[in-house]
Structures are given as structure tokens and as C-alpha cells.
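For reference, the chains in residue letters:
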Amino acid sequence: MSLPIESAIPALRAALAEHRAAVLEAPPGAGKTTRVPLVLLEEKWLRGQRIVMLEPRRLAARAAASRMASTLGERIGETVGYRIRRETRVGPSTRIEVVTEGILTRMLQHDLSLEGVGLVIFDEFHERSIVGDTGLALTLAASESLRADLRILVMSATLDGQRVATLIGDAPVIRSDGRSFPVTTRHAPSRDGVRLDAHVAGVVRDALAVESGSILVFLPGAGDINRTADRLAGGIPADVTVYPLHGSMAADQQDAAIAPARPGERKIVLATSIAETSLTIDGIRVVVDSGAMRIPRFSPRTGMTRLETVRVSRASADQRRGRAGRLEPGICVRCWSAAEDAGLVPFTRPEILDADLASLALDLAAAGFTDPAELRWLDPPPAAAFAQAQELLRLHGALDLHNRITQHGTAMVELGAEPRLAHMLVRAREAGPRSIATACALVALLEERDILRGSGSAPPADVTLRLDAVGRDVDSMQLAGATLDRGAASRMRESAREWERRVALARGGRTGDDDLDAGLLLALAYPDRVAKRRDAPGRFLLRNGRGATLPTNDPLAHAEWIVAAAIDDAGRDGRVTLAAPLDIAELMACAAEQVTTSDEIAWSDELRGVVARSRTMLGALVLRETALASPDAERVGAALRAGIGRIGIDALPWGDAVTLRARLGFVHHHDASWPDMSADALAERLDEWLGPDLAGVRNLDQLAGIDMKSALLRMLDWEQRRALDQLAPERIDVPSGSRVQVDYSDPAAPVVAVRLQEVFGMTATPTVLGGRIPITMHLLSPARRPVQVTRDLASFWANGYFDVRKDLRGRYPKHHWPDNPLEAEAVRGPKKRS
């Protein structure tokens, strides 16, 4: 039976014969993955060179290679082979290599010209993995600068093919119709409060009861798969077998999940998005789609990645639905409503926009590129995340100050691990055999899902518990209330042995026999996640300044120092899920280049003064702090002035200098040539008027002895000092003989508050500023309560006094209230009536 892709083969051959690149759009089931490489193998332009096909997933790579080899009647490793992580099946006659997980990137780093390769195929490019985007960017660079004969073919099921075609040089787009059977779509939304696994298990049981064939169930992650499997156990017919399928499973377990069901039996495959594309699981007629997927989201702000469960895109939902119609008419049950279905976004967001870019930055540097702008991208990596990735790599010594790869960085690349872990492995190799064993066990532990299972709560966070259990080869045991997962522990042991073999094969010899413990090794890998306990058990401050927490009943909650290998960064303070205790003295000795010691002379709001201390720091963490006996006087002065500017000029001990400041402010209000007395202006000129008095001063309390009046007068020249008392006298004389203070707090209207009896005989309103500004008179009763406000004293005597006099005579009958105030005697105190 011919495959649907056959109709598009002639156009594809013609396109690649005439052009250096092409885009092939073909729906799931068309046969593009397993047919196209075989058809192109004998093209003239290939000239006997190899075809390299990049698959985004290991399972798909192995399955595709196996299917092509079977079509040729050969074994894997003859004409068709594959290279995936920890497994290589190629031979001297291999012409088609299916690769994944950065293998293509490694090939380009070692030889950017890809000598011996005539065609690079990017399969399932619509998944937009960061590996695929990186591989395409580097292959384009190779094609344009070194290999004009190198062909590029991008294949996809659901993607804007024209956009990709434009990126790779206005390449032709070939489209193929697929062949699928009709699929009936139903919606089964869950009720509020029902857990995802409970709802999906119910939908699966309903489908088993009314539909024939096997069932493929899409769930977000391994945890959801396990919980759903537990709910299905015992509630399904005896002839139905449940198979999990996710990326962390062993290859033989994955093969069992995709193999046909035994005759007379049915199967339920509980899978992550790993089963969306490139795979045909025989016998599947029903798809149950939870509608959710789990993606990593990296935060440049926190420097941490967390897994986030999101709604699938329209493209992913259609891919999943198509799994039901590959072999016969099928059924797709979507666990969401029709209204929600209409709101799905068109495509899944590219991984490069949300991922930790440390691996990308190291890969590009290894290929000779320090700036991603040197390459062409469908979606360029975000600048902030890329800069942070380079900063981390510089911290690890993988890049130099110009972001070029170092010898240490090259050693990290050769190991093929994530950069943090690769750095740890290289440092362990330098330390010696015992450190290598511990580091390899840690890498295997961190790459595997947690090997401890909590009973009703999270297992203890300490990784040393896990290492001890695996190191003693214990299959099943109780560890601090948690149970060891035998299967996960077995995979971890095998992975650790594989890493030890890889480290042994890598270039570079061992130089010591140190025994670096788990905490120290993790601190080398995650220097930004070294944490110091704060004010209570379980509360920690990370080196990067972020908070982190552990349950108070966790054994590590009382540790003084820890290093967090895994953090759930969903809240304000991240929740630590994997950590190790840390001897900070050992870290300071092992990573002395990360420790900084500096003299800190800075203002403290809490102490209202300058703090001078020597601080030994690891990022935001204080390792040691001592007071400076003789701090630099100039820096102390600068910090004090900065502190005064921070808290505001008004916080200074002004005392009676407030009056002088107000007088000067009044004159400036009317004559800008005089100094400005506003808080901002005084803060700006602080050195000029207060600087000479700050020598030896460390805090605000010591400012109490400073003559603030003399300090302000420094801002005046000789003429201004002489004119001040004339323009803005501090006090004025009144007929009673008193000298009454003038209030200049309102520079537009200075005020004098005086008893009415003290101004008998004063015929005119007093003035300031050379007679230009009349003083506002607040005339007071004998009890110093306001009875009249005026700026025209003569008018008051003529018109307002007699009404005031009538009121005052009633309230103060023993005081003298003359009929003619202009001729009466002014008195300071009360004068009895005659």
C-alpha cells in the first residue's frame, strides 16, 4: 500500500535538485519521516554523501530508524542508523543517520562544514524545540559560508511553512495530502473541583465500555500518568493492559508501549506529548486528550526554571486527534468544553523563548559564535535570558570576558551534559576518582525523576539520602518516611555508570585525589543556589538574593547552609525539593574565586548613620563581617551626604536655625539672586554649606552640635549678610516695647502675631523687604487668641476696632479698651480699667 507522501516525492526531488533548501508540509501519517530519506538517498546531487535527520525526541528517532531499516530488509547500523544520547547504532556503511538531543549541534561544533553530509533534514520542526532551532541556525551558517552544496530540508505537519521557507532562503514549499480516516470529536469537560487524573480515568473507563480498539491518553507529565494508572487499576477488564509512555522511561519500556497489543487484547497507553508526532501506535482507535501539556519556563529575574502546566495549542490538539484516525475511523474525546476549544492558541510557543539558554550559549560559543545575532533564527533567543546565560557560563569559567569559549568550556561541551552539570563533572574529574563517582551519581539523580516517593507528603529534600540508598544497592526501603522507587533507582545506577564511562573517555586527566562531597559538588554546579538560613527553620536566602523555603519538619530545615539543586519557583519564595547540606568553609576553599571581600561604607536608614565594615560575600550572602576601625574619611563623608540626601534635609537638627532658613527663603522668593532654601536645593549644595562641619561625623546624632545658622550663612556673600536684617528682620519693634518675631514660613505673606494692646498707637502696618511687603498682623486677645487678621492696620483702627473692642470688653472686662486706640498707651501685660 503506497503512502500519501508518494504524490509529493517528484516535486520534492525537483525542488532539491534546483535549490539548496526546501520545506515539506505533510500531515501525520503521510509517511514523510520514514519514506523521504530513503527516496532521496540516491539523488545525484547527494553524490554518495550521508543524510542526517534531526528528530526532536529519542523515541521517535529510534522508531524512525528501525522502520527505515526494516523497509530495506536490513539491521539498524547498516544503511540506516541512529545516534541518540547514550546510544549509537551506526556503522561504516551507514548513509542515513537519525540523530537527536544535540547530536547535530555536536557535529557542527566539531566540523561546521559537515564534511561528508549532503542533506540535513529537520523533521517535525513544528515542535520548535530549542535543539531544532539551534541546529537549523548553525546549519544555515554552514551552508552559506562553507558548503554551497549542502542541502536543507525542513519537514513539518503543522507550521507556517512559508515563514520557514523565507528564513532558509525563499525555499520552495511542497505540500502533501495526508491519509487519515474520519475521527469523531466529542467534548467531556470536567466538573469544578475534580482532579485531572480522576476525570481522565473516568473518561477512559466510559470509552472502554462503549468503544472498540485500544486507547491513547494524553496527559501533562509522568506524575499525572502514574496517578491516572493508579485510578484505572482494578477498574478495567482483564484483557486491557495499561502502559505508561514518557521520555524518562527506559527504551525497552517505551518499545513495549508502542508495540501492537497481543491478539485478543486491548491496551491503554498513558502518554505525554511524546506521542503527538512521528509515532504510529498500532491498534489505537480512541484518543482521550486531557488538553494539558507541561513546559519549562525560565525566569531571567530569578535565574530558575519551573515546569508549568498549560493548555495545548490548536496545532497540538489536532495532532493528538489525528492519532485516532491513522489506521481506521476513530474517536477523540477532549476533556474540555467546545467553548474552550474555540479559544485555543494556534501554535505552541517556541521553546527558545522560555527556556534556560545556558546550553544554547555554550553550544554557540563552541561553534565560534559569541552573539546569536550572527545567525539567522525563526525566533531569536531573548536578549535578557541569553545575557544571563552567558553570565552563568562566565561564573563557571566556560566563557572568557569576551564570551569566547575557554579550555574549561570545551571540556564541558565534550561531556555533553547540561552546562551546570558538565562544570561539576569537569571539576570532579580534576579532583579525583571518588569525586567523579559522587558527581556522576548526582548527574544521574538530577536527570531522573525523584527516586523517593513520599507517603502523603513530599519526601525529604536531602539528596544524600538518595545517594546512600542507591550506593548500598537497596531495592526497597523506608527512608525518613519515604519509599525508594526501585525502577527509578535502577535506572539511576545504570545512568551513573554510563556517566562514569563518558568521563573516563573524555579528554583531560585526573590531577588529584580529593573527596568532594555532594553538597560541595552541587554548589559548584549551582553556585547561585547556595543558601543561608535566615531567621527561622526552613527559611533561606539564596546567593542570588531570592528567598527559598523548606517544610519545617524537613531534616534540612535547621541546616545553616544548604545548596538547592531543585526549586519550585511558583511562589514569592521558591520551595526547595532537592538540596544538600553544605560546609561553607569547604566551598570558600574550593571556589575562592567566587568569594569577594570589600570595604562597605554606606548609609544605614535603620541606624541613621554611616556603617563602615569589611564584608566577605558570596553573592548576596554575608560570610563574614567586621567593623572598619579607620574607614576612609572621604568615603564616610560621601556616604553621610548621600544618606542625608536620602532621608531628606528636613531630618537634620535645625533647632532655631529654622527661622534663619525661613528668612532666607522669603528673600529668595522675591529675589532669585539669593540662595534657594528649598530641601532639594539645599541637598544639591550640601557640600557647600554643610560640608565643612561633617568632618568626623558618622550619624545624625553627632550633627546636634553643629551651628546650623553659621552653616547656612556660608551661602551668603558679605553684601547679603549685611542686607539680611534690613530685608527680612528676625523681629520688629511694637509700641509696647516688645520685639516680636516675624514668621516667614509663608514667603509670600510674612506674619507677626501680637496682642492687640501692644500695638495701640501704631498707625501704619509694619513692612519688610525695604517697605515693599506689608506684614500680616495676627492681632491677639489677652489670652493670645486671634481676634483680627489684617494687612492694613490703619483701616482696622478706623473700621474694625470698635466691633472687636465691644467683644473684648465683654470677654475681658478688667482690661482697658480705649475709645481712641491711636492715642492710648500700649502695654505688654494687662492694664486694669480706670
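Summary of the structure given here. If you're wondering where the values come from, they're calculated on a predicted model, not measured in any experiment. (Residues numbered from 1 in each chain as written. Predicted model: local features only at pLDDT ≥ 70, side-chain atom pairs only at ≥ 80, totals over all residues. Heavy atoms only, no water.)

### Quick look at the overall build of the protein
Next, step 1: Tallying secondary structure elements over the protein gives 27 helices and 34 strands in all.
Next, step 2: At 41 Å, the protein has a C-alpha radius of gyration far larger than the 28 Å of a compact globule built from 834 residues.
Next, step 3: Each of the three principal axes of the protein carries a C-alpha extent, and together these read 135 × 65 × 60 Å.
Next, step 4: Counting over 834 residues, the protein shows a buried share of 52%. (Helix = DSSP H or I, 4+ residues; strand = E, 2+ residues; numbered from the N terminus. Rg over C-alpha atoms; globule rule 2.2 N^0.38 Å. Buried < 20%, exposed > 50% of the residue type's maximum accessible area, 1.4 Å probe, protein only.)

### Comments concerning the packing of aromatic side chains
Next, step 1: A complete count under the given rule lists nine aromatic pairs for this structure.
Next, step 2: Taking 6.2 Å as the distance between ring centres and 85° as the angle between the ring planes, the aromatic pair formed by Phe796 and Tyr801 counts as edge-to-face.
Next, step 3: The buried category is assigned to Phe796, whose relative accessible area is 3%.
Next, step 4: On the basis of relative accessibility, which here comes to 0%, the residue Tyr801 falls in the buried class. (Phe/Tyr/Trp six-rings, centres within 6.5 Å; stacked < 30°, edge-to-face > 60°.)

### Regarding helix H5 (residues 130-145)
One full turn of an α-helix is made of 3.6 residues, so residues set three or four places apart face in the same direction.
Next, step 1: Look at H5: 23 Å from first C-alpha to last across 16 residues, which is about the 22 Å you get at 1.5 Å a residue.
Next, step 2: With 13 of its 16 residues buried, H5 lies for the most part within the structure. (Expected span 1.5 Å × (residues − 1).)

### Digging into empty space enclosed by the protein
Next, step 1: According to the stated counting rule, one finds three cavities of 30 Å³ or more in the structure shown.
Next, step 2: For the largest cavity, the full set of lining residues is Leu54, Glu55, Pro56, Phe122, Asp123, Glu124, Phe125, Arg128, Ser129, Val131 and Gly132.
Next, step 3: Grouping the amino acids of the lining of the largest cavity by side-chain chemistry returns five nonpolar, two polar and four charged. (1 Å grid on protein atoms, 1.4 Å probe; cavity = no way out; pocket = protein on both sides within 12 Å on 5 of 7 lines; lining within 4 Å. Points joined across faces, edges and corners; volume = space filled by probe spheres on them. Nonpolar A, V, L, I, M, F, W, Y, C, P; charged D, E, K, R; others polar.)

### Regarding the packing of helix H4 (residues 103-110) against H5
Next, step 1: Interhelical geometry of H4 versus H5 gives an angle of 30° and a closest axis separation of 9 Å. Between H4 and H5, the interaxial angle falls into the category roughly parallel. Here H4 runs over H5; the crossing is left-handed. Residues Leu104, Thr105 and Leu108 of H4 touch H5, and the partners they reach there are Thr134, Gly135, Leu138, Thr139 and Ala142. (Axes fitted to C-alpha atoms, helices over the stretch in contact; angles between N-to-C directions. Parallel < 35°, antiparallel > 145°, perpendicular 65-115°, else oblique. Left-handed = near helix turned anticlockwise from the far one by under 90°. Contact = heavy atoms within 4.5 Å.)

### Re the sheet that holds strand S28 (residues 731-733)
Strand-to-strand pairing in sheets goes through backbone hydrogen bonds, with the strands running parallel or antiparallel.
Next, step 1: Strand order in this open sheet of five strands is S28-S29-S30-S33-S34, and the pairing throughout is mixed. Looking at which strands have only one partner, the edges of the open sheet turn out to be S28 and strand S34 (786-790). Taken pair by pair, the neighbouring strands of this sheet meet at an average axis angle of 30°, ignoring direction.
Next, step 2: Pairing analysis gives two bridges linking strand S29 (residues 739-743) to strand S30 (residues 751-755), with the strands arranged antiparallel. Each bridged residue has a counterpart across the sheet, and for Asp743 the counterpart in S30 is Val751.
Next, step 3: Here helix H27 (residues 793-811) sits on the sheet and contacts strand S33 (776-780) and S34; the angle it forms with S34, its principal contact strand, is near 165°. (Pairing = 2+ DSSP bridges.)

### What about the nonpolar core?
Next, step 1: Within the largest apolar cluster, 111 residues are counted, with the highest numbers of intra-cluster contacts made by Phe122, Leu136, Val154, Ile168, Leu425, Val530 and Leu587.
Next, step 2: For this core, the leading source of residues is helix H16 (residues 433-447), giving eight residues.
Next, step 3: Apart from residues no more than four positions distant in its own chain, Val530 is found in contact with Ala523, Leu541, Leu542, Arg543, Trp561, Ile562, Val563, Leu582, Leu587, Leu618 and Leu621.
Next, step 4: If you look at the next biggest cluster of nonpolar residues, it comprises 64 residues, including Val752, Met762, Val787 and Ala826. (Core = buried A, V, L, I, M, F, W, Y, C linked by side-chain atoms within 4.5 Å.)

### Looking at the side chain of Gln319
Next, step 1: Mapped onto the elements, Gln319 comes out in helix H10 (residues 314-322).
Next, step 2: Residue class for Gln319 comes out buried when judged on its relative accessible area of 2%.
Next, step 3: Among the polar contacts listed, one links the side chain of Gln319 to the side chain of His126, at a separation of 2.9 Å. (Polar contact = N/O pair within 3.5 Å; in protein donor to acceptor, adjacent residues only side chain to side chain.)

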